[in-house]
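So the chains spell out like this:
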Amino acid sequence: MNVHRAQEILAAHEKIDVDLNGVAVWIDSVDAGKGLVKIHAEGNPADARVVPAKELEEVH
C-alpha cells in the first residue's frame with residue numbers, strides 16, 4: 001500500500017479492512033514524510049507498532 005492510500009483509509013468514514021502479514025490491523029496515524037504508518041492489531045490496541053506503508057495490504 002502507498003502512503004496516500006493509508007491516509008485515505010485513515011480518513012474514511014467506513015471501515016476498510018487492512019492486513020499486515022495476514023493479521024487484521026487498524027491504522028492509527030500516517031507519517032507521509034517518512035512513509036510510515038502507526039497500526040495496532042484489530043481487537044488489541046496495546047499491540048501498536050510503526051511499519052512502512054508498503055507492508056500493509058488492503059483487503060478487498
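See the structure above.
(A) Representation of the nonpolar core within the structure. Core analysis: the biggest nonpolar cluster contains 13 residues, and Val18, Leu20, Val25, Ile27, Val37, Ile39 and Leu56 have the highest contact counts within it. Among the secondary structure elements, those contributing two or more residues to this core are helix H1 (3-11), strand E1 (18-20), strand E2 (23-31) and strand E3 (36-41). Looking at this core, the element that brings in the most residues is H1, giving three residues. Sequence-distant contacts of Ile27, that is, excluding residues within four places in its chain, are made with Ala6, Ile9, Leu10, Val18, Val37, Lys38, Ile39 and Leu56.

(B) View of the pattern of salt bridges. By the definition in use, this model includes five salt bridges. Among the ionic pairs, Arg5 bridges to Glu58, the shortest N-O distance being 2.8 Å. With Arg5 in helix H1 and Glu58 in strand E5 (residues 56-58), the pair connects residues that are 53 residues apart, well separated along the chain. A salt bridge links Arg49 to Asp47, with the shortest nitrogen-to-oxygen separation between them at 3.6 Å. Residue Arg49 is classed as partly exposed on the basis of its relative accessible area, which comes to 39%. Under the relative-accessibility criterion, Asp47 is labelled partly exposed at 29%. Bridged by salt links that share partners, the residues Arg5, Glu8 and Glu58 form one connected network.

(C) Representation of unusual backbone geometry in the model. Phi angles above zero are rare outside glycine, and Asn21 is one such case at about 55°. Mapped onto the elements, Asn21 comes out in the loop between E1 and E2.

(D) Main features of the sheet that holds strand E4 (residues 44-52). Taken together, five strands build an open sheet; the order of strands is E4-E3-E2-E1-E5 and the sheet is antiparallel. The strands lining the two open edges of the sheet, one partner per strand, are E4 and E5. With strand direction ignored, the average angle separating the axes of adjacent strands in the sheet is 45°. Across three bridges, E1 lies against E5 in antiparallel orientation. Within E5, the residue paired with Asp19 across the bridge is Glu57. Together, E1, E2, E3 and E5 form the strand contacts of H1, whose direction differs from that of E2 by roughly 100°.

Here is what the cut-offs are and how they apply
Residues numbered from 1 in each chain as written. Predicted model: local features only at pLDDT ≥ 70, side-chain atom pairs only at ≥ 80, totals over all residues. Heavy atoms only, no water. Core = buried A, V, L, I, M, F, W, Y, C linked by side-chain atoms within 4.5 Å. Buried < 20%, exposed > 50% of the residue type's maximum accessible area, 1.4 Å probe, protein only. Helix = DSSP H or I, 4+ residues; strand = E, 2+ residues; numbered from the N terminus. Contact = heavy atoms within 4.5 Å. Salt bridge = Lys/Arg side-chain N within 4 Å of Asp/Glu carboxyl O. Pairing = 2+ DSSP bridges. Axes fitted to C-alpha atoms, helices over the stretch in contact; angles between N-to-C directions.

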